[in-house]
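Coordinates in review
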Amino acid sequence: MFCFKNLLCLLALLVCHVLAFVHPGMLHTEADFTRMREKVSSSASPWIISWNLLTANSHSSASYKPRPATIIYRGSNGVNAQNYGQLFNDVAAAYALALRWKISGNDTYANAAVNVLNTWSSTLTSIQGSSDAALAAGIYGYQFANAAEIMRSYPGWEAESQTVFGTMLQEVFYPINHDFLVRHNNAATDHYWANWDLCTMASILAIGIFNDNETMYDEAITYFKSGVGNGNINRFVWKEYNVDGQILGQGQESGRDQGHNTLGFALVGALAQMAYNQDDDLFAYGNSRILAGSEYTAKYNAGFDVPYTTYQNSDVTQTVISNYSRGTLRPQWELLYAHYASLKGMNATFMGIMRDFVNCESGGAEGGGGDYGSSSGGFDQLGYGTLTFRRE
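In this report, the structure presented in the accompanying data block is examined.

Moving on: the packing of aromatic side chains. Taken as a whole, this structure holds 20 aromatic pairs when the rule is applied. Seen from their ring centres, Phe-304 and Phe-350 are 5.2 Å apart, and the 65° between their planes marks the pair as edge-to-face. You can see Phe-304 sitting in the loop between α12 (285-301) and β5 (311-312) and its partner Phe-350 sitting in helix α14 (residues 349-361), a full 46 residues away along the chain. For Phe-350, a relative accessible area of 11% gives the class buried. One aromatic cluster is present, built from ring pairs that chain together Trp-120, Phe-144, Trp-157, Phe-165 and Phe-210. The cationic tip of Lys-39 hangs over the ring face of Trp-47; the distance from NZ or CZ to the ring centre is 4.2 Å. Above the ring of Tyr-337, the side-chain terminus of Arg-355 is found at 4.5 Å from the ring centroid.

Written out as C-alpha cells, the structure is:
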C-alpha cells in the first residue's frame, strides 16, 4: 500500500507539472486576443490598420489551398530542387488564418487553418537539403507551432489531429533542432551565426509548449543562458557600452550585415515572448541584455552612430560595423517595444523610432508574411505585430 500511495503521488505531480503550461501561451495569450478583438471591434488605430493588412493578405483567404510536400528541401544538395517556399507560404497562411478566426470568430477561417495544419502533418516526413535545412526546421518549426497553438482551442480541430500535428513537430522538426544545437554540423561552436541557434531554440521551445514537453522547453531555456554556441545570450549580445547613460549591446552579427543582424533580434524577441508567456522572463535576464542589444541595433539602423569593437571568431575578423542593408524593414519592433517600453516602462527610444519607421513604410502598421517580399526573408517573421503586440 505504501508503494502504491507513493506511485499515486508521483503520478499526481507529473500530471500537475504537465498542466503548468499555459495555453494559448506562445506568442499570444488569451488576454492578448481579448485586447485584439476589442481594438478591432472599435476600429481603433493603428490596430485596425494592421487588421486590414491581415485581411487583405492572400495568405488569410478562406480559399487558401496548401501545397504540402513529403520532403522539404532548403539549400542545394546537388540533386533535389529546393521547394521550401511551399512550406513558408503555408506556415504564414496557417498563422494568418488562425489569427483571423481567433479575432473575428468566423469558423470559415478556422477550417481553412486546420486544413493547412492537417495536410502538412499527414504528409511531411523529412526536411533535407544543405546545412540550410536547419534554418528551415528552426524558423518554420516555431512558426508552425504558433499557428497550431492558436488553433488548439477550436472544437473543429479534433484531438487526434492535434496529436498527429504534435507528432510531426516532434519527429520531423525537433530532431534537426536538437542535433544542430548539439553538433552544429561538426563545425566549431562559434562558426554559425547567432540567428541559426536562435531560430533553433525558438522551435524547440515552441514544440515543447505545444506538446507539453518540459524537457524540450527546458533545453531551449538552458541554451539561452549557457549554450556553447552564439545563441547563448552572452555570446549573442557580447559587448556592452554605456552611451549617455543608456546601456547598448553589440550583437554578434553587427559586422556581418544589418539584414541578418536585425533577424537575430527578431528571433530572440519571439523566443523571449514565448518564454514570458510561460512565466520565464528572458527579457529581464542578464540585466535586460536583450534590451541593450535591441536598442543598439535599432539605433544604428535608424541612422545614428554606435560604438563598435572588432569581432573575431574562428572564421572572420570584422573591424567595422556593417552598413549593408542598414535600415532594413522587418516586422519585429512592435513586440520588443511593447514589452520594454509599454509593459515595463523602460527606455526603448530607438526601438520606438524603428517601429514607427517600419510601420510608416508598411502602410501604417506591421504587415505579415509576403508583405516584405516573396522570398524567404519576407517570411522570417510572422508579423502583424501592431495588431498582436501593441498595448497603447
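Here we take up the pattern of salt bridges. For side chains of opposite charge, pairing can occur when their charged atoms come near one another. The final tally for this structure, using the stated rule, is twelve salt bridges. Across the salt bridge formed by Glu-30 and Lys-102, the nearest N and O atoms sit 3.2 Å from each other. Highlighted residues: Glu-30 in helix α2 (residues 30-41) and Lys-102 in helix α4 (residues 84-104), separated in sequence by 72 residues. The exposure class assigned to Glu-30 is partly exposed, which follows from its relative accessible area of 33%. Taking the relative accessible area as the measure of exposure, Lys-102 reaches 11% and is therefore buried.

What follows deals with unusual backbone geometry. Here the residue pair His-23 and Pro-24 is connected by a cis peptide bond, since its omega of -10° sits within 30 degrees of zero. Position of Pro-24 relative to the elements: it lies in the loop between α1 (2-19) and α2. In this chain, Ser-45 is followed by Pro-46 through a cis amide linkage whose omega measures 10°. Mapped onto the secondary structure, Pro-46 falls in the loop between α2 and α3 (47-56).

When two helices pack together, their arrangement is given by the angle between their axes and by how far apart the axes lie. Contact pair α12 / α14: the axes reach a minimum separation of 8 Å and the direction vectors enclose 50°. As the angle between them shows, α12 and α14 are arranged oblique. α12 and α14 meet at a crossing whose hand is left-handed. Residues Leu-291, Ser-294, Glu-295, Ala-298, Lys-299 and Asn-301 of α12 touch α14, and the partners they reach there are Thr-349, Phe-350, Met-351 and Met-354. Residues of the contact of α12 with α14, tallied by class, amount to five nonpolar, three polar and two charged.

Definitions and limits used
Residues numbered from 1 in each chain as written. Predicted model: local features only at pLDDT ≥ 70, side-chain atom pairs only at ≥ 80, totals over all residues. Heavy atoms only, no water. Phe/Tyr/Trp six-rings, centres within 6.5 Å; stacked < 30°, edge-to-face > 60°. Helix = DSSP H or I, 4+ residues; strand = E, 2+ residues; numbered from the N terminus. Buried < 20%, exposed > 50% of the residue type's maximum accessible area, 1.4 Å probe, protein only. Lys NZ or Arg CZ within 6 Å of the ring centre and 35° of its normal. Salt bridge = Lys/Arg side-chain N within 4 Å of Asp/Glu carboxyl O. Axes fitted to C-alpha atoms, helices over the stretch in contact; angles between N-to-C directions. Parallel < 35°, antiparallel > 145°, perpendicular 65-115°, else oblique. Left-handed = near helix turned anticlockwise from the far one by under 90°. Contact = heavy atoms within 4.5 Å. Nonpolar A, V, L, I, M, F, W, Y, C, P; charged D, E, K, R; others polar.

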